[in-house]
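Close look at the chain arrangement
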Amino acid sequence: MTEPDLIPVFDGHNDTLLRLYQSKEADVERLFIEGTPGGHIDLPRAKKGGFAGGMFAIFPPPIEKTKRSAVPPAPSDNEPLPPELPRAEAITSTIGMASILFRLERAGALTVCRSAGDVREAMAKGSIAAVFHIEGVEAIDPELAMLDVLHAAGLRSLGIVWSRPNAFGNGVPFRFPSSPDTGPGLTDAGKALVKACNQLRMMIDLSHLNEKGFRDVAALSDAPLVATHSNVHAICGHSRNLTEWQLGAIRETGGMVGLNFATGFLREDGRMNADTGLDIMVRHIDSLLQALGEDGVGLGSDFDGAMIPAVIGDVAGLPKLIDALAARGFGRALIEKIAYRNWLSVLERTIG
């Protein structure tokens, strides 16, 4: 649901379901529909900002007693990987967040979309178009039985790892400065997961995956390569960002990258600092356009999962970034591609 004079935004990544899940509120539908004082996305602010939908991520959080849930407070070049998450813990939180997604749909707050056609239809009706996505598949067993169940429920996109190891592969630690070449590639189970996703027409998200795992996906997958919320390593040398060869591999497959708003992945100094201007965001978009072309760039905010620039603040601030792109000289056709059309295109070519 967007204001009529705004360019709609389909966003590659948010962690709003995690925020609602961790709120422990019984009536999360009301929190989302009426609006909340904290966080980044709810229905009133989404309408104000032109937020038309996106990938609603389910992220099984670290166990608070053993590991902080946030990224390191300051850049470090030797930050270790967080520990593996027990599958039982991951199943509980994954099912809990999936339940919230479907409860929001029943309440009329959004539409769960299982195809690109569903996304277009929801946007046309003014309903938030939510694609069921998982970031870190710890809830899925190596035999992939849970994958079939989740796909039947509506799962259409997954990131094999968050920034920790699991049965399928290894994520990148939150290191700065660091290359993404930080560990081994996919396990045999991970390679089988890639093939299963291709068969099910499920999009594979490369954000958080280390370099060797990225190479494995690129070698195995017959779908466009996609990083839903990553930035340019040449500008911000964080292990989470994409190097020149990774961007080239994505371009070769007709894939795309969504710009991550997290300040620690934007800034040249790698610091989480809300006092970060729009200029560095536009610079990353410029660089992504040069590497990927006009059809390969979108937005992947990481709303409700990261510290974002204060100038944007929350989802209601999306028009400020759109205005900054216009001020940079981008025409409306290109801005619309970045804002939503490129995501619709890649969804058509992945989930169908």
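Residues numbered from 1 in each chain as written. Predicted model: local features only at pLDDT ≥ 70, side-chain atom pairs only at ≥ 80, totals over all residues. Heavy atoms only, no water.

We now examine the nonpolar core. Formed by 110 residues in total, the largest nonpolar core has its most connected members in Leu158, Ile160 and Phe261. Sorting elements by how many residues they give to this core places helix α13 (residues 332-348) first, with nine residues. Excluding residues that lie within four positions of it along the chain, phenylalanine 261 makes contacts with Leu266, Met281, Leu299, Gly300, Ser301, Phe303, Met307, Ile308, Pro309, Ile312, Leu318 and Leu321. (Core = buried A, V, L, I, M, F, W, Y, C linked by side-chain atoms within 4.5 Å. Buried < 20%, exposed > 50% of the residue type's maximum accessible area, 1.4 Å probe, protein only. Helix = DSSP H or I, 4+ residues; strand = E, 2+ residues; numbered from the N terminus. Contact = heavy atoms within 4.5 Å.)

Within strand β2 (residues 51-58), eight of the eight residues are buried, which leaves the element mostly enclosed by the surrounding structure. With four bridges connecting them, strand β1 (residues 9-14) and β2 associate as parallel partners. Across the sheet, the residue bridging to valine 9 is phenylalanine 51, located in β2. With six bridges connecting them, β2 and strand β4 (residues 129-135) associate as parallel partners. By the bridge assignment for β4, isoleucine 58 is matched with isoleucine 134. (Pairing = 2+ DSSP bridges.)

Our next topic: the pattern of salt bridges. Overall, the coordinates contain 19 salt bridges when judged by the stated rule. Arginine 164 is paired through a salt bridge with glutamate 138; the nearest N and O atoms lie 2.9 Å apart. Of the two residues, arginine 164 is situated in the loop between β5 (157-159) and α7 (188-200) and glutamate 138 in the loop between β4 and α6 (145-153); the sequence distance between them amounts to 26 residues. The same class applies to arginine 164 as to glutamate 138, namely buried. (Salt bridge = Lys/Arg side-chain N within 4 Å of Asp/Glu carboxyl O.)

In total, this model carries four cavities of 30 Å³ or more according to the counting rule given. Estimates place the volume of the largest cavity at around 90 Å³. Contributing to the lining of the largest cavity are 13 residues, with Pro72, Ala74, Pro75, His238 and Gly270 lying nearest its centre. Residues belonging to the lining of the largest cavity are distributed by class as follows: nine nonpolar, four polar and no charged. In this structure, the second largest cavity encloses a volume near 50 Å³. Leu206, His208, Leu209, Arg240 and Leu242 are the residues nearest the centre of the second largest cavity, which is lined by 13 residues in total. A class-by-class count of the residues in the lining of the second largest cavity yields six nonpolar, six polar and one charged. (1 Å grid on protein atoms, 1.4 Å probe; cavity = no way out; pocket = protein on both sides within 12 Å on 5 of 7 lines; lining within 4 Å. Points joined across faces, edges and corners; volume = space filled by probe spheres on them. Nonpolar A, V, L, I, M, F, W, Y, C, P; charged D, E, K, R; others polar.)

This part is about the layout of surface pockets. By volume, the second largest pocket amounts to about 240 Å³. What lines the second largest pocket is a set of 13 residues, among which Tyr21, Pro61, Pro62, Glu89 and Ser93 lie closest to the centre. Among the elements of the structure, α1 (16-22) and α4 (87-106) are those that each provide at least two residues to the lining of the second largest pocket. Among the elements that make up the lining of the second largest pocket, the one with the highest residue count is α4 (four residues). Class assignment of the residues belonging to the lining of the second largest pocket gives a composition of seven nonpolar, three polar and three charged.

Looking at the secondary structure, you find threonine 228 in the loop between β7 (226-227) and α9 (244-252). Residue classification places threonine 228 among the buried residues on the basis of a relative accessible area of 0%. For threonine 228, the contacting residues outside a window of four places in its chain are Gly12, His13, Met203, Asp205, Ser207, Gly258, Leu299, Gly300 and Trp343.

Another aspect to go through is the side chain of threonine 276. Position of threonine 276 among the secondary structure elements: in the loop between α10 (263-266) and α11 (278-292). Since its relative accessible area comes to 4%, threonine 276 is described here as buried. In terms of polar contacts, threonine 276 uses its side chain to reach the backbone carbonyl oxygen of asparagine 273, at 2.5 Å. When residues no more than four places from it in sequence are discounted, the contact partners of threonine 276 are Thr263, Arg267, Pro309 and Val311. (Polar contact = N/O pair within 3.5 Å; in protein donor to acceptor, adjacent residues only side chain to side chain.)

Residue position: alanine 57 is located in strand β2. Residue class for alanine 57 comes out buried when judged on its relative accessible area of 0%. Spatially, the C-alpha atoms of alanine 57 and valine 119 are 16 Å apart, while their sequence positions differ by 62 residues. With sequence-adjacent residues up to four places away left out, alanine 57 is seen in contact with His13, Asn14, Asp15, Leu17, His133 and Glu135.

So, about the packing of helix α5 (residues 116-125) against α13. For the pair α5 and α13, interaxial distance at closest approach is 8 Å and the crossing angle is 145°. Each of Ala116, Val119, Arg120 and Met123 in α5 lies in contact with α13, whose residues at this interface are Tyr340, Leu344, Leu347 and Glu348. (Axes fitted to C-alpha atoms, helices over the stretch in contact; angles between N-to-C directions.)

For the rest of this paragraph, the subject is the packing of α6 against α7. Viewed as axis vectors pointing N to C, α6 and α7 meet at an angle of 30°, and their least axial separation amounts to 12 Å. The pairing of α6 with α7 is recorded here as roughly parallel in orientation. For the crossing formed where α6 meets α7, the hand is right-handed. Listed contacts from α7 to Leu147, Asp148 and His151 of α6 are Leu193, Ala196 and Leu200. A breakdown of the residues in the contact of α6 with α7 according to their chemical character gives four nonpolar, one polar and one charged. (Parallel < 35°, antiparallel > 145°, perpendicular 65-115°, else oblique. Left-handed = near helix turned anticlockwise from the far one by under 90°.)

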